[in-house]
2 protein chains.
Amino acid sequence: MSIYVEKNRRTKRLIQDSFLQMLENKPFEAITIGDIAKRAKINRGTFYLHYKDKFDLLEQIEQKLFADLGTHIDQLQSRYTATLTFEEEQERLAVTFFSFIERQSPVLKILLSDHGRAGFHLRFRDAFAEKVRLNLEKNKDFNAKLKVPLEYFLSFITSAFLGLIEQWLQDGLDQTPQEMTALYIDIISFIRDGNGA
Amino acid sequence: MSIYVEKNRRTKRLIQDSFLQMLENKPFEAITIGDIAKRAKINRGTFYLHYKDKFDLLEQIEQKLFADLGTHIDQLQSRYTATLTFEEEQERLAVTFFSFIERQSPVLKILLSDHGRAGFHLRFRDAFAEKVRLNLEKNKDFNAKLKVPLEYFLSFITSAFLGLIEQWLQDGLDQTPQEMTALYIDIISFIRDGNGA
DNA sequence: TACAATTTTGAACAGGCTGTTCAGTTTTAC
DNA sequence: GTAAAACTGAACAGCCTGTTCAAAATTGTA
């Protein structure tokens with residue numbers, strides 16, 4: 001039984017890999033089940049033993065990604081238990097995010113591009129926003145000082161973050177997560193101290 | 001001849017309207033040419049007299065939108081010729097953007113949602129970024145003070161902006177463009193003066 | 001090794017959508 | 001009224017989908 005699951009997983013992984021490789025060259029809509037099967041060297045019918053359809057396949061890939069985001073953050077966040085200032089904690093969260101992106105960059109590069117599926121950036125941003133919200137709620141001062149609706153602030157800051165990520169991925173991950181965090185902080189500082197764009 | 005074009009445009013508009021209406025309920029991938037033709041009450045073959053395929057249709061809608069963004073900004077920006085401070089000019093650009101979004105909200109709501117086509121938010125953001133870049137280049141101090149690559153700053157700020165827009169559209173345009181601009185400025189101020197998130 | 005359970009294969013099938021063709025009809029402008 | 005332009009209806013080959021089923025291959029276990 002245990003190995004059957006192994007085998008089951010192996011074929012699923014084969015399908016997912018072929019699919020993702022194919023997405024690098026072709027947009028989602030243009031890829032057929034036949035294409036995937038051919039590249040994975042399996043029978044077309046076998047695909048349907050594992051997935052309902054193309055959308056189900058992508059959905060499962062997305063879900064795996066979101067699950068990984070959760071565990072990755074929990075791992076890194078719980079590593080240091082020292083009390084940090086609000087700013088330090090935000091910085092630590094930023095590094096955690098960027099290192100997650102680096103780790104999942106092959107998949108994210110595709111899912112966020114125009115070869116992926118519409119709305120992925122919204123779903124991804126929401127997953128992000130949820131983590132940020134939890135972090136912000138720890139700080140009691142925050143909500144008192146914030147005058148705009150929290151939802152708007154979250155959309156603003158997580159979208160900005162996602163913007164950096166997209167640029168980063170587009171530039172071929174030419175920086176480390178630490179450098180990206182520094183860059184993020186520089187921009188915040190620039191807005192704070194420099195010209196108010 | 002002139003009216004032929006008229007008629008030609010009328011059918012195209014009929015197709016576009018039916019298509020956009022349909023996109024409110026069904027995702028792009030699920031819509032067939034037959035569906036569009038049926039709703040537009042035209043022959044399926046007529047569709048192909050105007051568009052190459054479904055993608056061509058959406059592309060033309062997008063292009064019209066981007067063209068409108070250009071004219072809309074040029075109009076509003078050239079209205080007042082008084083000399084403004086950098087901050088005042090940024091604010092004016094923000095109002096212009098938000099009023100454009102309001103004007104094109106029916107289409108944008110769909111194109112930015114998961115019913116649209118993958119990558120639209122990137123294309124839209126790029127169009128935005130181009131306008132912001134032109135505005136920023138006027139200010140000589142800006143590039144001197146900015147220490148991070150301009151591309152990253154642009155991605156950051158335009159994505160943040162787009163985040164506000166998405167939230168705004170999602171909330172059913174419950175605020176005026178002026179109120180959204182105030183909200184935008186409040187968030188910037190909050191980052192500047194309040195807690196450094 | 002032999003066996004049984006599980007998984008995969010190959011082939012076939014109906015059904016739907018695509019994009020094109022073409023002769024005939026309708027609409028439009030002058 | 002006429003000629004050009006636009007649209008219609010019907011048909012078509014081609015491709016992809018999702019399902020079925022018996023046969024074959026793979027796997028773990030006795």
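My aim in this report is to walk through the structure given alongside it, one point at a time. (Residues numbered from 1 in each chain as written. Chains lettered and ligands numbered in written order. Predicted model: local features only at pLDDT ≥ 70, side-chain atom pairs only at ≥ 80, totals over all residues. Heavy atoms only, no water.)

1. Some points on the pattern of salt bridges
A side chain of one charge can pair with a side chain of the opposite charge when the charged atoms of the two come close.
Line of reasoning, step 1. Within this structure, the stated rule accounts for 18 salt bridges over all chains.
Line of reasoning, step 2. For the salt bridge of K26(B) with D35(B), the shortest nitrogen-to-oxygen distance reads 3.2 Å.
Line of reasoning, step 3. A single salt-bridge network, built from bridges that share partners, covers E130(A), R133(A) and E151(A). (Salt bridge = Lys/Arg side-chain N within 4 Å of Asp/Glu carboxyl O.)

2. Some thoughts on the interface of chain A and chain B
Line of reasoning, step 1. The interface of chain A with chain B comprises 50 residues on the first partner and 50 residues on the second.
Line of reasoning, step 2. Here chain A meets chain B over a buried area of about 4,800 Å², counting both sides, of which 66% is carbon and sulfur.
Line of reasoning, step 3. The interface formed by chain A and chain B holds four salt bridges in total.
Line of reasoning, step 4. When the shortest N-O distance is used, the salt bridge between R117(A) and E29(B) registers 3.7 Å.
Line of reasoning, step 5. Between chain A and chain B we count eight residue pairs in polar contact (both at pLDDT 80 or more) in total.
Line of reasoning, step 6. Taken together, the elements giving at least two residues each to the side of chain A that touches chain B come down to α5 (86-103), α7 (120-137), α8 (140-145), α9 (150-170) and α10 (177-193) of chain A. (Contact = heavy atoms within 4.5 Å. Buried area = accessible area lost by both parts, 1.4 Å probe. Polar contact = N/O pair within 3.5 Å; in protein donor to acceptor, adjacent residues only side chain to side chain. Helix = DSSP H or I, 4+ residues; strand = E, 2+ residues; numbered from the N terminus.)

3. Overview of the packing of helix α4 (residues 54-79) of chain A against α5(A)
Between two packed helices, the angle of one axis relative to the other and the distance separating the axes together describe the packing.
Residues and elements named next belong to chain A.
Line of reasoning, step 1. Two elements in contact, α4 and α5, have axes whose closest approach is 10 Å; the angle formed by their N-to-C orientations is 135°. By the angle class used here, α4 and α5 are oblique. The crossing of α4 and α5 is right-handed. Residues L65, D68, L69, H72, I73, L76 and Q77 of α4 pack against R92, L93, T96, F97, S99, F100 and R103 of α5.
Line of reasoning, step 2. Of the residues in the contact of α4 with α5, the class split is seven nonpolar, four polar and three charged. (Axes fitted to C-alpha atoms, helices over the stretch in contact; angles between N-to-C directions. Parallel < 35°, antiparallel > 145°, perpendicular 65-115°, else oblique. Left-handed = near helix turned anticlockwise from the far one by under 90°. Nonpolar A, V, L, I, M, F, W, Y, C, P; charged D, E, K, R; others polar.)

4. Here's the deal with the relation of the copies chain A and chain B
Line of reasoning, step 1. Under the fitted operation, chain A is carried onto chain B by 0.0 Å of movement along the axis and a turn of 180°, and the coordinates agree to an RMSD of 0.0 Å. Both chain copies can therefore be described as sitting about a two-fold axis.
Line of reasoning, step 2. Interface overlap between copies: 100% of the residues of chain A at the interface are likewise at the interface in chain B, consistent with a symmetric, same-surface contact. (Least-squares fit on C-alpha atoms with pLDDT ≥ 70 in both.)

5. Looking at the packing of aromatic side chains
Line of reasoning, step 1. Applying the stated criterion to the full structure yields 36 aromatic pairs over all chains.
Line of reasoning, step 2. Seen from their ring centres, F47(A) and Y51(A) are 5.6 Å apart, and the 40° between their planes marks the pair as tilted. The same class applies to F47(A) as to Y51(A), namely buried.
Line of reasoning, step 3. Through a chain of ring-to-ring contacts, three or more aromatic side chains come together here, namely F66(A), F97(A), F98(A), F120(A), F124(A), F128(A), F161(A), W168(A), Y184(A) and F156(B).
Line of reasoning, step 4. Sitting above the plane of the F28(A) ring, K54(A) keeps its charged end 4.6 Å from the centroid. (Phe/Tyr/Trp six-rings, centres within 6.5 Å; stacked < 30°, edge-to-face > 60°. Buried < 20%, exposed > 50% of the residue type's maximum accessible area, 1.4 Å probe, protein only. Lys NZ or Arg CZ within 6 Å of the ring centre and 35° of its normal.)

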